[in-house]
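Working through the structure, step by step
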There are 2 protein chains.
Amino acid sequence: MSDRERARRPGGRSARVAAEVHQAVTDLISERGYGNFTVGEVAARAGVADSSIYRRWGNLEALLTDVALTRLNTRSPMPDTGSLDGDLRTYAAQVAREITGPDGPAVLHLAVALSSSGKQGLKAGYDLRAERTRQLQSMLDRARERGEPAPDALDVLDHVLAPMYIRVLFGMGPLTPEYVDGLVDRLL
Amino acid sequence: MSDRERARRPGGRSARVAAEVHQAVTDLISERGYGNFTVGEVAARAGVADSSIYRRWGNLEALLTDVALTRLNTRSPMPDTGSLDGDLRTYAAQVAREITGPDGPAVLHLAVALSSSGKQGLKAGYDLRAERTRQLQSMLDRARERGEPAPDALDVLDHVLAPMYIRVLFGMGPLTPEYVDGLVDRLL
């Protein structure tokens, strides 16, 4: 194994640097808002040289896209509780927890930014949503196979996810369990 | 009238410069995404000196907040068609037109950014939403006074505005009249 390979193996120095740089980006978005920091500030926060960031990611935009894709790809698996009611409630509560957690609003801002940062970001955002919609669709298909009436995946987006996303993006207070359950009740 | 006063009067040179700088910001957000440009690039696009921007706005963040507030404050008045059904359909179609128009996605991104750019932006975003909610509330109150059953203003946000906002923010294709009317049908 060469030094280069060793540096790139999972859990090695390279992975640690990537994790620290990603966390620095998420922290800076939480503290200052998206778009209000430079590569130099990310490097200082992560304790690495600016040149390490430029060598690995090329520029701030590419780094932000990488953080967005990494964070959005590591969300929790879809629930399978045996009933659509249980699945949707568990799923909605899980999303609410994710987007109101310490890094949640920053990750949501990254998702929005991804879709406005040129063709590559738009494609990446599209692929991510296609994958999440496919998972949501399997959950709804399982319900239909059990004979339960189920809404469309896009109705779940419009009437359960979108209201929660917008309230977090606009900084409109916490998502209480009653509010989240109310969105599911209304959809079902 | 001093030169300084003349420069600041509405419609004068100062107002023209502000309009050009605001449009340059909106164009750059549309083309590159929020956060992917500098004061120098805004100045070059608007045909003014960097120093004019720093003198007037101080920094990029303050300029972006000013653009967001100006654009979000100049939206169309609330409709008053005589029925809640007509009011809500007209209002939803109007919002759909605004957010999918040439500058619409850029203005939505500014609104989101406003709420993540520190206390001042959060307060400004809160005030803006309070004013829009008040206008929406009058529309719903008029309906109740006519004896029509009316939803809460927050239900209109959650189930008519939020789905449209999220679809535009995520770059998910056009908002067809059928889709927008469907959101209102579902709410009523």
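What counts as what
- Residues numbered from 1 in each chain as written.
- Chains lettered and ligands numbered in written order.
- Predicted model: local features only at pLDDT ≥ 70, side-chain atom pairs only at ≥ 80, totals over all residues.
- Heavy atoms only, no water.
- Bend = angle between axes of the 7 residues up to and from the residue.
- Helix = DSSP H or I, 4+ residues; strand = E, 2+ residues; numbered from the N terminus.
- Buried < 20%, exposed > 50% of the residue type's maximum accessible area, 1.4 Å probe, protein only.
- 1 Å grid on protein atoms, 1.4 Å probe; cavity = no way out; pocket = protein on both sides within 12 Å on 5 of 7 lines; lining within 4 Å.
- Points joined across faces, edges and corners; volume = space filled by probe spheres on them.
- Nonpolar A, V, L, I, M, F, W, Y, C, P; charged D, E, K, R; others polar.
- Domains from an automatic or database assignment.
- Contact = heavy atoms within 4.5 Å.
- Buried area = accessible area lost by both parts, 1.4 Å probe.
- Polar contact = N/O pair within 3.5 Å; in protein donor to acceptor, adjacent residues only side chain to side chain.
- Least-squares fit on C-alpha atoms with pLDDT ≥ 70 in both.
- Salt bridge = Lys/Arg side-chain N within 4 Å of Asp/Glu carboxyl O.

Another point: helix 9 (residues 153–169) of chain B. Residues and elements named next belong to chain B. Residue L161 marks the point of greatest curvature in helix 9, where the axis turns by about 45 degrees; the proline P163 follows within four residues. In terms of residue burial, helix 9 counts as a mostly covered element, since 16 of its 17 residues are buried. Trailing helix 9 by a residue or two, G171 shows a phi angle of about 60 degrees, which is positive.

This structure, assessed with the given rule, holds 3 cavities of 30 Å³ or more. Roughly 80 Å³ of internal volume is contained in the largest cavity. In terms of lining residues, the largest cavity is bounded by Y34, H109, V112, A113 and S116 of chain A together with Y34, H109, V112, A113 and S116 of chain B. Elements supplying a minimum of two residues to the lining of the largest cavity: helix 7 (104–114) of chain A together with helix 7 (104–114) of chain B. A breakdown of the residues in the lining of the largest cavity according to their chemical character gives 6 nonpolar, 4 polar and no charged.

Residue and element names in this part refer to chain A. What the domain assignment reports for chain A is domain 1 (3–58) and domain 2 (77–187). Inter-centroid distance (C-alpha atoms) of domain 1 to domain 2 is 29 Å. The interface of domain 1 with domain 2 comprises 5 residues on the first partner and 6 residues on the second. Taken as a group, T26, I29 and Y34 account for 74% of the area that domain 1 buries against domain 2, more than any other trio of residues on that side. At the junction of domain 1 with domain 2, the criterion picks out 0 residue pairs in polar contact (both at pLDDT 80 or more). Across the side of domain 1 that touches domain 2, the residue classes tally to 2 nonpolar, 3 polar and no charged.

On to the relation of the copies chain B and chain A. Expressed as a screw operation, the relation of chain B to chain A combines 0.0 Å of axial shift with a rotation of 180 degrees, fitting to an RMSD of 0.0 Å. One copy is carried onto the other by what is essentially a two-fold rotation axis. The C-alpha atom lying nearest the rotation axis in chain B is that of G35 of chain B; the distance is 1.9 Å. Interface residue correspondence from chain B to chain A reaches 100%, placing this contact among same-surface, isologous pairings.

Contacts between the two partners involve 33 residues from chain B and, on the opposite side, 33 residues from chain A. Summed over the shared surface of chain B and chain A, the result is 4 salt bridges. A salt bridge links R186 of chain A to D155 of chain B; the shortest N-O distance between them is 3.7 Å. Applying the counting rule to chain B against chain A returns 9 residue pairs in polar contact (both at pLDDT 80 or more). If you tally residues by element for the side of chain B that touches chain A, the top one is helix 9 of chain B, at 11 residues.

With that out of the way, let us pick up the side chain of H22 of chain B. Residues and elements named next belong to chain B. In this fold, H22 is placed in helix 2 (residues 13–32). Only 3.0 Å separates the side chain of H22 from the side chain of D66, close enough to count as a polar contact. Not counting chain neighbours up to four residues away, the residues in contact with H22 comprise W57, L63, D66, V67 and T70.

To continue, consider the environment of T81 of chain A. All names here are of chain A. The topology assignment puts T81 in the loop between helix 5 (60–73) and helix 6 (84–100). For T81, a relative accessible area of 44% puts it in the partly exposed group. Taking C-alpha positions, T81 is 9.9 Å from M139, a pair spaced 58 residues apart along the chain. Leaving out residues up to four positions away in the same chain, T81 has contacts with G86, D87 and T90. Only 3.2 Å separates the side chain of T81 from the backbone oxygen of S83, close enough to count as a polar contact.

Applying the stated criterion across every chain yields a total of 28 salt bridges over all chains. The partner of R144 of chain A in a salt bridge is D141 of chain A, and the shortest N-O contact between them spans 3.4 Å. A residue pair is termed a helical-turn pair when its members lie 3 or 4 positions apart in one helix, as R144 of chain A and D141 of chain A do in helix 8 (residues 118–145) at 3 residues. With a relative accessible area of 36%, R144 of chain A lands in the partly exposed category. In this structure, R45 of chain B engages D27 of chain B in a salt bridge whose closest nitrogen and oxygen atoms are separated by 3.9 Å. Taken together, the residues R45 of chain B in helix 3 (residues 39–46) and D27 of chain B in helix 2 connect sequence positions 18 residues apart. Through salt bridges that share partners, D85, R89, D181 and D185 of chain A make up one connected network.

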